[in-house]
Amino acid sequence: HESTLKQDMYQNMIAASTQSMAAVIGGVQNLWVVPADNKENPEGNTFSRRIARNLQHILRLEARLDKVTDPAAGSRFIEQLTLMIAREAWEAFRASIS
């Protein structure tokens with residue numbers, strides 16, 4: 001995402017990793033990681049192209065996230081947090097219409 005572009009290439013690497021992982025956990029159908037400097041330089045520099053390519057490889061080949069239908073399924077913490085948020089939202093909704 002262009003708003004996360006920083007001059008520090010390592011910060012870009014961390015931001016791209018976090019955004020990509022969040023997209024996968026969120027259920028994205030397709031993921032294309034572009035170099036951090038893509039807007040200024042469509043070809044990207046050598047490092048940013050390498051990071052964009054390797055990040056996709058890590059998520060697919062090492063984390064094997066392309067083999068999992070729902071990476072967050074079964075996560076007790078996420079399931080409990082989602083249930084708590086849903087209950088509190090429902091109570092807030094009911095209180096607002098009363």
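For the structure itself, consult the block above.
Residues numbered from 1 in each chain as written. Predicted model: local features only at pLDDT ≥ 70, side-chain atom pairs only at ≥ 80, totals over all residues. Heavy atoms only, no water.

Tallied over the entire structure, the rule returns one salt bridge. Two residues, R94 and E91, come together in a salt bridge whose shortest N-O distance is 3.7 Å. On the criterion of helical spacing, the pair formed by R94 and E91 is a turn pair, its members being three residues apart in helix α3 (residues 76-97). Take E91: its relative accessible area is 46%, and that puts it in the partly exposed class. (Salt bridge = Lys/Arg side-chain N within 4 Å of Asp/Glu carboxyl O. Helix = DSSP H or I, 4+ residues; strand = E, 2+ residues; numbered from the N terminus. Buried < 20%, exposed > 50% of the residue type's maximum accessible area, 1.4 Å probe, protein only.)

One finds A16, V24, V33, A52, L55, L59 and L65 forming the largest nonpolar core, which totals seven residues. Taken together, the elements giving at least two residues each to this core come down to α1 (9-25) and α2 (46-62). Excluding residues within four positions of it along the chain, V33 makes contact with S20, A52, L55 and Q56. (Core = buried A, V, L, I, M, F, W, Y, C linked by side-chain atoms within 4.5 Å. Contact = heavy atoms within 4.5 Å.)

Take a nonpolar patch on the surface next. Judged by side-chain polarity, F77, I78, L81, M84 and I85 come together as a nonpolar surface patch covering roughly 470 Å² of accessible area. In this fold, L81 is placed in helix α3. Judged by relative accessible area, which is 33%, L81 ranks as partly exposed. (Patch = residues over 30% accessible without salt bridge, like charges linked within 9 Å, V, L, I, M, F, W, Y side chains within 5 Å. Areas by Shrake-Rupley, 256 points an atom, 1.4 Å probe, with all protein chains shown as cover.)

To continue, consider the side chain of S48. The topology assignment puts S48 in helix α2. In this structure S48 comes out as buried when scored by relative accessible area, which is 9%. What S48 contacts, discounting residues up to four positions off in sequence, is P35, A36 and D37.

This part is about α1. Here α1 contains 17 residues, and its C-alpha end-to-end distance of 24 Å stays within 8% of the 24 Å for a straight helix at 1.5 Å per residue. Looking only at α1, the buried set comprises N12, A15, A16, S20 and V24. For α1, the buried positions fall inside an angular range of 160 degrees around the axis, keeping them on one side. Projecting away from the buried face of α1 at angles above 90 degrees are the exposed residues I14, T18 and A22. Packing partners of the buried residues in α1 comprise α2. At the C-terminal side of α1, G27 shows a positive phi close to 100 degrees. (Expected span 1.5 Å × (residues − 1). Arc of directions from axis to C-beta.)

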